[in-house]
Amino acid sequence: MPKGRPNTMNNYGVLLHELGLDEPLVTPLRERFLQPLMALLYPDCGGGWLDSHRAFVVKYAPDQDRELGCHYDNAELTLNVALGKAFTGGALYFGGLFQAPSALARPLEVQHVVGQGILHRGGQLHGARPLDTGERWNLVVWLRASAVRNRLCPMCCRKPDLVDDEGFGDGFTREEPSTVDVCALT
């Protein structure tokens, strides 16, 4: 069975597309629920044009990954859901957007609660404090809008040079997606 890393910072986890869960689970979740919600909450950063994703589950445990350093995501928007197990510690912290280097002078801390999710901009600086006890499993969905990233790569802030790829190709496309009428979705 293929085993890609969820991202460059987490060592323990699984990509949901490797389990065959993109089409039956994550794509309908994005198209039917997240995209209409994000169109209302985040219209200024691609919420109405979400047309791809990268979904994975990560694991935090005392003898494995215990924390996650400050970073921003390769996504326009991110959904992070605490799936389970009992744990203490591991609060999430948030600063400003990555373009503002002093944004973490006073980060906002949020306790991650099992069964609850947190929505945020992918470019928002964030991380996870060290886990004290137990295990925490998180579902993370990076939501991407090719209409946004085709103009400016969110990781290098330059116009992308597109190459052919399989699957969602980090959310870049050669065609412009169709527009979405947010009023028709509500």
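Located above this text is the structure these notes cover.
Summary of the structure given here. Every chain is numbered on its own, with residues counted from 1 as its sequence reads. Residue-level local features of this predicted model are given only where pLDDT is at least 70; pairs of side-chain atoms are given and counted only at 80 or more, and the full residue set underlies all totals for whole chains, interfaces and linings. Computation of side-chain values covers all heavy atoms of the structure but excludes hydrogens and water.

A look at the overall build of the protein
Right, on to step 1. The helix and strand labels rest on DSSP assignments: H or I over at least four residues marks a helix, E over at least two residues marks a strand, and numbering proceeds from the N terminus. Counting secondary structure elements, the protein contains three helices and eleven strands.
Right, on to step 2. Starting at the N terminus, the α and β elements of the protein follow one another as β-α-β-β-β-β-β-β-β-β-β-β-α-α.
Right, on to step 3. Categorising residues by exposure relies on relative accessible area from a 1.4 Å probe, with only protein chains included: less than 20% of the type maximum marks a residue as buried, more than 50% marks it as exposed, and the intermediate range marks it as partly exposed. Within the span of the protein, comprising 186 residues, buried residues form 44% of the whole.
Right, on to step 4. Note on contacts: a residue pair is in contact if any heavy atoms of the two residues lie within 4.5 Å. Partitioning the contacts of the protein with sequence separation of at least 6, the portion at a separation of at least 24 is 77%.
Right, on to step 5. All accessible areas in this document rest on Shrake-Rupley with a 1.4 Å probe, and a residue is counted as covered only by the protein chains that are shown. In the form shown here, the protein has an accessible surface area of approximately 10,100 Å², with 56% of it arising from carbon and sulfur atoms.

Some details on the sheet that holds strand β8 (residues 117-121)
Backbone hydrogen bonds are what pair the strands of a sheet, in a parallel or an antiparallel way.
Right, on to step 1. In this scheme, strands are said to pair when DSSP sees at least two bridges between them. Strand order across the open sheet formed by five strands is β1-β2-β11-β4-β8, with antiparallel pairing between neighbours. If you trace the sheet from one side to the other, it starts and ends with β1 (13-15) and β8, each paired once. Pairwise comparison of adjacent strand axes, ignoring direction, gives a mean angle of 20° for this sheet.
Right, on to step 2. With five bridges joining them, strand β4 (residues 77-84) and β8 adopt antiparallel strand pairing. Looking at β8, one finds that Val81 is bridged to Gly117.
Right, on to step 3. What counts as an axis is a line fitted to C-alpha atoms, over the stretch in contact for a helix, and the angles between N-to-C directions run from 0 to 180 degrees. Docked against the sheet, helix α1 (residues 22-41) engages β2 (52-60), β4, β8 and β11 (136-144), running at close to 105° with respect to β2.

A few points about the packing of aromatic side chains
Right, on to step 1. Between the rings of Phe, Tyr and Trp (Trp by its six-membered ring), a pair exists once the centres lie within 6.5 Å; its type follows the angle of the planes, with under 30 degrees stacked, over 60 edge-to-face, and the other angles tilted. As enumerated under the stated definition, the model contains one aromatic pair in all.
Right, on to step 2. The cationic tip of Arg129 hangs over the ring face of Tyr93; the distance from NZ or CZ to the ring centre is 4.1 Å.
Right, on to step 3. Above the ring of Phe87, the side-chain terminus of Arg136 is found at 5.5 Å from the ring centroid. In this analysis the charged atom, NZ for Lys or CZ for Arg, is taken to sit over a ring once it is within 6 Å of the ring centre and within 35 degrees of the ring normal.

Looking at the nonpolar core
One recurring pattern in soluble globular proteins: nonpolar side chains tend to sit buried together.
Right, on to step 1. Put simply, a nonpolar core is a bunch of buried Ala, Val, Leu, Ile, Met, Phe, Trp, Tyr and Cys residues held in one set by side-chain atoms that sit within 4.5 Å of each other. With 16 residues, the main nonpolar core has Leu16, Met38, Leu50, Leu77, Leu139, Val141 and Leu143 as its most contacted residues.
Right, on to step 2. For this core, the elements supplying multiple residues, two or more each, are α1, β2, β4 and β11.
Right, on to step 3. Other than its neighbours up to four places away in sequence, Leu143 contacts Arg30, Leu34, Met38, Leu50, Ser52, His53, Ala75, Glu76 and Leu77.
Right, on to step 4. Tyr60, Ile118, Val140 and Trp142 belong to the second largest nonpolar core, which has 14 residues in total.

Notes on α1
Right, on to step 1. Under the convention used throughout, the expected extent of a helix is 1.5 Å for every residue step, that is, one less than its residue count. Here α1 contains 20 residues, and its C-alpha end-to-end distance of 24 Å is more than 12% below the 28 Å for a straight helix at 1.5 Å per residue.
Right, on to step 2. All of the buried residues along α1 are Asp22, Val26, Thr27, Pro28, Arg30, Leu34, Gln35, Pro36, Met38 and Ala39.

Here we look at the sheet that holds strand β9 (residues 124-128)
Right, on to step 1. Sheet architecture is open: four strands sit in the order β3-β9-β6-β7, paired in antiparallel fashion. Taken across any chain shown, the strands that pair with only one partner, and hence form the sheet edges, are β3 (68-71) and β7 (108-110). Geometrically, the sheet is characterised by an average inter-axis angle of 20° between neighbouring strands, direction not taken into account.

Concerning the pairing of strand β6 (residues 92-97)
Consecutive side chains of a regular strand alternate in pointing toward one face of the sheet and then the other.
Right, on to step 1. Strand direction decides the pairing type here: β6 and β7, joined by three bridges, are antiparallel. In the sheet register, Tyr93 faces β7, and the bridge partner there is Glu109.

Considerations on the side chain of Thr78
Right, on to step 1. Within the fold, Thr78 resides in strand β4.
Right, on to step 2. In protein, a polar contact means a hydrogen-donor-capable atom and an acceptor-capable atom, both N or O and within 3.5 Å, with residues adjacent in sequence counting only if both atoms are side-chain atoms; elsewhere, any N or O pair within 3.5 Å suffices. A distance of 2.7 Å separates polar atoms of two side chains, one belonging to Thr78 and the other to Asp73.
Right, on to step 3. Discounting residues that sit within four places of it in the chain, Thr78 has contacts with Asp73, Ile118, Leu119, His120, Gly122, Val140, Val141 and Trp142.

Notes on unusual backbone geometry
Right, on to step 1. Phi is positive for Lys85, which is not a glycine, with a value near 75°.
Right, on to step 2. Note on Lys85: relative accessible area 52%, which makes it exposed.

Read these as geometric descriptors, not functional statements.
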